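Next come the chains, spelled out residue by residue.
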Amino acid sequence: MVDGLQLDGAAGAPRGGTMTAARDGRGGGGPLLEVTDLHVRFRQRGRQVFAVNGLTYKIAASSTLAIIGESGSGKTVASRAIMGLLPVTAEVTGSVRYAGRELVGAKERDLRRLRTNDIAMVFQNPERSLNPTMRIGPQIAEAIRLHMDLGRKAAHERTVDLLRRVRLPSPERRYFEYPHQLSGGMRQRVMIALALSCQPKVLIADEATTALDVTTQAQIMDLLLELQAELGMALILISHDMGLAASYTEEVIVMYAGRAVEHAATKELFSNVRMPYTRALLDAIPRVDAPSHTVLPMIEGRPPDLSIRLPGCSFAPRCPDVQDDCRQAIPTLTELEDGHEFACFHPCGGGNG
Amino acid sequence: MSAVLAPSPTNLEAPAGDEHIGKWASFVASPSLRLTGRRLLQAIPVLWGVTFLTYLFLNLLPGDAASQLLGANATPAEVHQLEIKLHLNEPFLTRYWHWFTGVLSGNLGASLANGQSVSSILGQRLPVTFELVVVSVVVTMLIAVPMATLAARKPRGIFDRVTTILSMGGISIAQFVFALLLVLLFSDIWNVLPALGWTPLSQSIGQNARYLVLPVMTIAIPLAMFVARLLRADLIEQMDSQEYIVTARAKGLSRWAQLTRHALRNSMLGIVTIFGLQVALLFGLTVIVEEIFGLPGVGQALLTAVNDRDAPLLEGIVLVLAGIVVLVNLLIDVTYGVLDPRIRHGRSSV
């Protein structure tokens, strides 16, 4: 479905500050986005919360990556840290390199030029992520006019094209409607149109379909994937939904307590789970083929209190396979099998548990 | 079949069947008009209650119009004679009924003090008070909105700190003290503005403005400080906790643009509500301000009417002021709809 919309360099707009990155996907060219040893700490009234503790990953253009984890595992904080969207109480250290440029500690002015233009985000709650007092069209056109040298009329046209592109019914009319006049799925389409408005290189979908019902969820995911492939974007899918990651991405990172605990190609990860936490997450998915009234396996205990730093593995208190050494030292994320990294002294599967 | 199962979105969202109902019917059915009608009906018992209570309380005050008008040296016989002339010897309820039926037939009666008709007194004095209030409200907003927005741009920055101190001062100071301070500075020391008096707008715009400056400052500056405080707090709250602000940041907008294009409109909703509550207070304030600066407005007449126990005049003023407060609150509800599209479209917010 390619219609009149020319996302590339519309009206000869200069794409200020953008560097051309490798477009030929994985393999060729360096990574488009490289996150190295990212730490985020919140400080408020003497209390400290260690939200992200040394996250490392990279993603190339045209590829897809899922970051999976429970609420509070630091996945959202980590992705907002990339765009510099965290509140001032957050202290971000480590490195985020986009197309060779360091973003951690970069000037707000430079980051602003990057946002939406190069790295864009679709948020979890389309209900609250759109300004309720503003018509949806101008909310998109605003971003276009900010980053592209387009006039009022051209921005309007581009917005209508974008709305058509995300298959919002009757985009010309919807342009003038308010968020409350749209359904949840339509609102998320608007958010996607906004995120794509300046043709970013990296799209971060932060629980983009969580607030939607299942059929809408599938439609939105298909739309995202289609646009990702067509525009050659790198897509980072942040979710707590294992199924979503399994069906839509090429690579998966499982996060726990602000750390990556397992990282592999999607197929490899789901066929050969090594980290007990990932195992537990998968086991907690209800099965249709199980007899009725089977007790749903759940992970004992609670997600860790991130204001306390444990000397050992943060999953140790809840881990079924916990041993003494798990409480003494933090296992690092290491590549123990080809392309499969995990942070565990006693991995499940593979016989050495 | 499928058309029945899946109604088209236009049918769901717009009252598309308007054509055959006709324009008039859809106008009558419009939510804002129904709201207006309901509110106007509700105003009737309010207005009646206000006038009745005012009559009652005035009657409970010691002394009556006759003794107040004649002064302390009058003989009881003279007072009694005037009481008969002004019908003050009749029972309270009879007098109220007399006044009330007069109002229903459109006659507000005449002042007991000088026999001038109440409606002509109101006609002379209302424009003065009205001008004072309207200009004060406009000036309040002109000060408060930019001040709050600038302060919210950098919370705890230098501008924010300075305006915080100014605001606390403005909120704490009593208006009559502030008025005297202004008179001292502008009239006494610098001698640039008149401290007393009035020239109507129709006579000279320039003179009118000169007489208006100090009274307006007396009302607008403390009020602006109060509004700015609330608006700043609400703006910062919006900036810190609202998801749509994160979206605005993710677009690459500057903090100033986030504030002015996104947060301000949402914050104004709360401010408008507060303003509605302040209107009644504002008219109360005009009594003091008009008395201090010698403006021939309704507030000044109200004070005289109470002193003279001039029931018809007082009732006329109270009726009109109560009516204005009701209307302003109605207007605020309508403004609310303009600011918040969710209300305009007759749906509950989500």
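Residues numbered from 1 in each chain as written. Chains lettered and ligands numbered in written order. Predicted model: local features only at pLDDT ≥ 70, side-chain atom pairs only at ≥ 80, totals over all residues. Heavy atoms only, no water.

**Quick word on the side chain of aspartate 160 of chain B**
Residues and elements named next belong to chain B. With respect to the helices, strands and loops of the structure, aspartate 160 is situated in helix 10 (residues 158–172). When its relative accessible area of 2% is taken as the criterion, aspartate 160 is described as buried. Residues within four places of aspartate 160 in sequence aside, it is in contact with Ala151, Lys154, Pro155 and Arg232. (Helix = DSSP H or I, 4+ residues; strand = E, 2+ residues; numbered from the N terminus. Buried < 20%, exposed > 50% of the residue type's maximum accessible area, 1.4 Å probe, protein only. Contact = heavy atoms within 4.5 Å.)

**Overview of a nonpolar patch on the surface**
Residues and elements named next belong to chain B. Together, Leu150, Ile158, Phe159, Val162, Leu166 and Trp256 give the surface a local cluster of nonpolar side chains, amounting to about 570 Å² of exposed area. The element best represented in the nonpolar patch is helix 10, accounting for four residues. For phenylalanine 159, the position within the fold is in helix 10. Phenylalanine 159 sits in the partly exposed class, given a relative accessible area of 37%. (Patch = residues over 30% accessible without salt bridge, like charges linked within 9 Å, V, L, I, M, F, W, Y side chains within 5 Å. Areas by Shrake-Rupley, 256 points an atom, 1.4 Å probe, with all protein chains shown as cover. Salt bridge = Lys/Arg side-chain N within 4 Å of Asp/Glu carboxyl O.)

**Remarks on the nonpolar core**
Formed by 84 residues in total, the largest nonpolar core has its most connected members in Ile119 and Ile236 of chain A. The element that contributes the greatest number of residues to this core is helix 7 (residues 184–196) of chain A, accounting for eight residues. (Core = buried A, V, L, I, M, F, W, Y, C linked by side-chain atoms within 4.5 Å.)

**Here we look at helix 8 (residues 92–104) of chain B**
Residues and elements named next belong to chain B. Relative to the 18 Å expected for 13 residues at 1.5 Å per residue, helix 8 spans 18 Å between its end C-alpha atoms, a close match to the ideal helical length. Those residues of helix 8 that fall on the buried side of the exposure criterion are Phe92, Arg95, Tyr96, Trp99 and Gly102. Taken around the axis of helix 8, the buried residues stretch over an arc of 125 degrees, which confines them to a single face. Exposed positions of helix 8 whose direction lies more than 90 degrees from the buried face are Leu93, Trp97, His98 and Leu104. Just past helix 8, the residue glycine 106 takes up positive phi, approximately 85 degrees. (Expected span 1.5 Å × (residues − 1). Arc of directions from axis to C-beta.)

**As for the packing of aromatic side chains**
Residues and elements named next belong to chain B. Under the defined criterion, the tally for this structure stands at 14 aromatic pairs over all chains. Both rings, one in tryptophan 97 and one in phenylalanine 100, keep their centres 6.0 Å apart while their planes meet at 35 degrees; by these two values the pair is tilted. Here tryptophan 97 pairs with phenylalanine 100, and both are found in helix 8, just three residues apart, close to one helical turn. Overall, tryptophan 97 belongs to the exposed group, its relative accessible area being 55%. Each member of the aromatic cluster is reached from another via a ring pair, and the members are Trp48, Phe52, Tyr55, Phe92, Tyr96, Trp97, Trp99 and Phe100. (Phe/Tyr/Trp six-rings, centres within 6.5 Å; stacked < 30°, edge-to-face > 60°.)

**Looking at the packing of helix 15 (residues 298–308) of chain B against helix 16 (residues 311–339) of chain B**
Residue and element names in this part refer to chain B. Where helix 15 meets helix 16, the closest approach of the two axes is 9 Å, and the angle between their N-to-C directions is 140 degrees. As judged from the angle between their axes, helix 15 and helix 16 are oblique. The hand of the helix 15/helix 16 crossing is left-handed. Contact residues: helix 15 offers Val298, Ala301, Leu302, Ala305 and Val306, while helix 16 offers Leu313, Leu314, Ile317, Val318 and Leu321. By residue class, the composition of the contact of helix 15 with helix 16 is ten nonpolar, no polar and no charged. (Axes fitted to C-alpha atoms, helices over the stretch in contact; angles between N-to-C directions. Parallel < 35°, antiparallel > 145°, perpendicular 65-115°, else oblique. Left-handed = near helix turned anticlockwise from the far one by under 90°. Nonpolar A, V, L, I, M, F, W, Y, C, P; charged D, E, K, R; others polar.)

**Structural notes on the interface of chain A and chain B**
Listed per partner, the contact involves 30 residues of chain A and 24 residues of chain B. Summing both partners gives a buried area of about 2600 Å² for chain A against chain B, and 53% of it is carried by carbon and sulfur. Looking only at chain A, the three residues that lose the most surface to chain B are Thr133, Glu142 and His180 of chain A, adding up to 25% of its buried area. Taken together, the links from chain A to chain B amount to 15 residue pairs in polar contact (both at pLDDT 80 or more). Within the residue set of the side of chain A that touches chain B, elements represented by two or more residues are helix 1 (75–83), helix 3 (126–129), helix 4 (136–147), helix 6 (171–174) and helix 7 of chain A. With five residues, helix 4 of chain A is the single largest residue contributor to the side of chain A that touches chain B. Grouping the constituent residues of the side of chain A that touches chain B by class yields twelve nonpolar, nine polar and nine charged. (Buried area = accessible area lost by both parts, 1.4 Å probe. Polar contact = N/O pair within 3.5 Å; in protein donor to acceptor, adjacent residues only side chain to side chain.)

**Let's talk about the sheet that holds strand 7 (residues 202–206) of chain A**
Strands in a sheet are paired, the pairing made by backbone hydrogen bonds, and the direction either parallel or antiparallel. All names here are of chain A. With respect to topology, eight strands assemble into an open sheet ordered 6-7-8-3-9-10-12-11, the strand pairing being mixed. One side of each edge strand has no neighbouring strand; the edge strands of this open sheet are strand 6 (119–122) and strand 11 (334–337). Taken over all neighbouring pairs, the strand axes of this sheet differ in orientation by 25 degrees on average, direction set aside. Summarising the sheet, strand 3 (residues 64–68) and strand 9 (residues 251–256) pair through four bridges and their orientation is parallel. Within strand 9, the position partnered with alanine 66 by the bridge is valine 252. Against the sheet, helix 11 (residues 276–283) contacts strand 3, strand 9 and strand 10 (259–265), and its axis sits at roughly 100 degrees relative to strand 9. (Pairing = 2+ DSSP bridges.)

**Re helix 5 (residues 152–165) of chain A**
All names here are of chain A. Across its 14 residues, helix 5 extends 20 Å between first and last C-alpha, which sits within 8% of the 20 Å expected from 1.5 Å per residue. Within helix 5, burial applies to Ala155, Arg158, Thr159, Val160, Leu162, Leu163 and Arg165. On its buried side, helix 5 packs onto helix 4, helix 6, helix 7 and helix 8 (214–231). Just downstream of helix 5 lies arginine 167, where phi reads positive at about 60 degrees.

**Remarks on the sheet that holds strand 2 (residues 47–59) of chain A**
Residues and elements named next belong to chain A. Spatially, 2-1-4-5 is the arrangement adopted by the four strands of the open sheet, whose pairing is antiparallel. The sheet is open, and its two borders are formed by strand 2 and strand 5 (101–102), each paired with just one other strand. Relative to strand 5, strand 4 (residues 90–98) is paired through two bridges, and the arrangement is antiparallel. Considered in strand 5, the bridge of tyrosine 98 is made with arginine 101.

**Things to note about the pairing of strand 1 (residues 33–44) of chain A**
All names here are of chain A. Two elements, strand 1 and strand 2, share ten bridges in a ladder whose sense is antiparallel. Note on strand 2: the bridge partner recorded for glutamate 34 is lysine 58. By the bridge criterion, eight bridges tie strand 1 to strand 4 in an arrangement that is antiparallel. In the sheet register, valine 40 faces strand 4, and the bridge partner there is valine 92.

**Remarks on the confidence of the model for chain B**
Looking at chain B as a whole, its pLDDT mean stands at 86, while 89% of the residues score no less than 70. Scored below 50 in pLDDT, residues 1–19 of chain B shows seven contacts in the model against residues more than four places distant or in partner chains. (pLDDT = per-residue confidence, 0-100.)

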